[in-house]
Amino acid sequence: MLFHRLLLLLCLASPLAAADFDLVVYGGTPAGLSAGIIAAREGASVVVIEPTKWIGGMVTGGLCRSDVGKEETIGGFPRNFFLEAARQTMTPTLWYEAPSTNMAAFNGMLKRAGVKVVTAQTLQSITKEGARIISLTTADGTTYT
């Protein structure tokens, strides 16, 4: 019994396994997800850590009509995302998909790119070398380098 308590105490006191990635993105906003997907498409190993249970910010949480302006000026990743979201439905409406559709588009893009997503983990600490952040530790004790 004492051995089990000691083992439990050691497990709780030590951080979880460290995880090494080429890129660690803290914040699962559209910008953070985009950065992660683009980097993974270029061959980087990527983790996106979001402090809440929700990824995608306003695009997946309530904003379903985007300011478009001149459609011909929208290219690159944003156009790619909107086209992916439009493909998710039977009646595609480019630029104006429902938040749940936008979430499905982000999830599909993240999965295909091989981006690891960690949600509901706040930042506990960071380690720096000079001005460069070299690792961060989340509230559950996992260190991402």
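Conventions we followed
Residues numbered from 1 in each chain as written. Predicted model: local features only at pLDDT ≥ 70, side-chain atom pairs only at ≥ 80, totals over all residues. Heavy atoms only, no water. Axes fitted to C-alpha atoms, helices over the stretch in contact; angles between N-to-C directions. Helix = DSSP H or I, 4+ residues; strand = E, 2+ residues; numbered from the N terminus. Left-handed = near helix turned anticlockwise from the far one by under 90°. Contact = heavy atoms within 4.5 Å. Patch = residues over 30% accessible without salt bridge, like charges linked within 9 Å, V, L, I, M, F, W, Y side chains within 5 Å. Areas by Shrake-Rupley, 256 points an atom, 1.4 Å probe, with all protein chains shown as cover. Salt bridge = Lys/Arg side-chain N within 4 Å of Asp/Glu carboxyl O. Pairing = 2+ DSSP bridges. Core = buried A, V, L, I, M, F, W, Y, C linked by side-chain atoms within 4.5 Å. Buried < 20%, exposed > 50% of the residue type's maximum accessible area, 1.4 Å probe, protein only.

### A short note on the packing of helix α4 (residues 76–87) against helix α5 (residues 99–113)
1) Next: Contact geometry for α4 and α5: axes closest at 8 Å, N-to-C directions at 115°. The chirality of how α4 crosses α5 is right-handed. For the pair α4 and α5, the contacting residues are Phe77, Asn80, Phe81, Glu84 and Ala85 in the first and Thr101, Asn102, Ala105, Phe106, Met109 and Arg112 in the second.

### Considering the environment of Gly57
1) Next: Within the secondary structure layout, Gly57 lies in helix α3 (residues 57–61).
2) Next: Linking Gly57 and Leu33, residues 24 residues apart in sequence, is a C-alpha distance of 9.9 Å.
3) Next: Excluding its chain neighbours within four sequence positions, the residues that come into contact with Gly57 are Gly28, Thr29 and Pro30.

### Quick look at a nonpolar patch on the surface
1) Next: On the surface, Tyr26, Leu123, Ile126 and Ile133 cluster together into a nonpolar patch covering about 340 Å² of accessible area.
2) Next: Of note, Ile126 is situated in strand β4 (residues 123–129).

### Some remarks on the pattern of salt bridges
Oppositely charged side chains may form a pair once their charged atoms are brought near each other.
1) Next: Using the criterion set out here, one finds two salt bridges in the structure.
2) Next: Between Arg87 and Glu84 there is a salt bridge whose closest N-O contact spans 3.3 Å. Here Arg87 pairs with Glu84, and both are found in helix α4, just three residues apart, close to one helical turn.
3) Next: The salt bridge partner of Arg112 is Glu84, with a shortest N-O separation of 3.1 Å.

### Some details on the sheet that holds β4
1) Next: Spatial ordering of the open sheet is given by β4-β5-β6, a layout of three strands whose pairing is antiparallel. The two strands at the open ends of the sheet, each matched to only one other strand, are β4 and β6 (143–144).
2) Next: Both β4 and strand β5 (residues 132–138) contribute to a ladder of six bridges, which runs antiparallel. Residue pairing for β5: Ile126 is matched across the bridge by Leu136.

### Some points on the nonpolar core
Soluble globular proteins tend to pack their nonpolar side chains together in the buried interior.
1) Next: Ranked by size, the top nonpolar core spans 23 residues in total, and within it Ile37, Phe81, Phe106 and Val115 carry the most contacts.
2) Next: Of all the elements in the fold, those that place two or more residues in this core are α2 (30–41), β2 (46–49), α4 and α5.
3) Next: Tallying contributions element by element places α5 first for this core, with six residues.
4) Next: Excluding residues that lie within four positions of it along the chain, Val115 makes contacts with Gly36, Ile37, Ala40, Val46, Val48 and Leu110.
5) Next: With seven residues, the next largest nonpolar core counts Ala19, Phe21, Val47 and Tyr144 among its residues.

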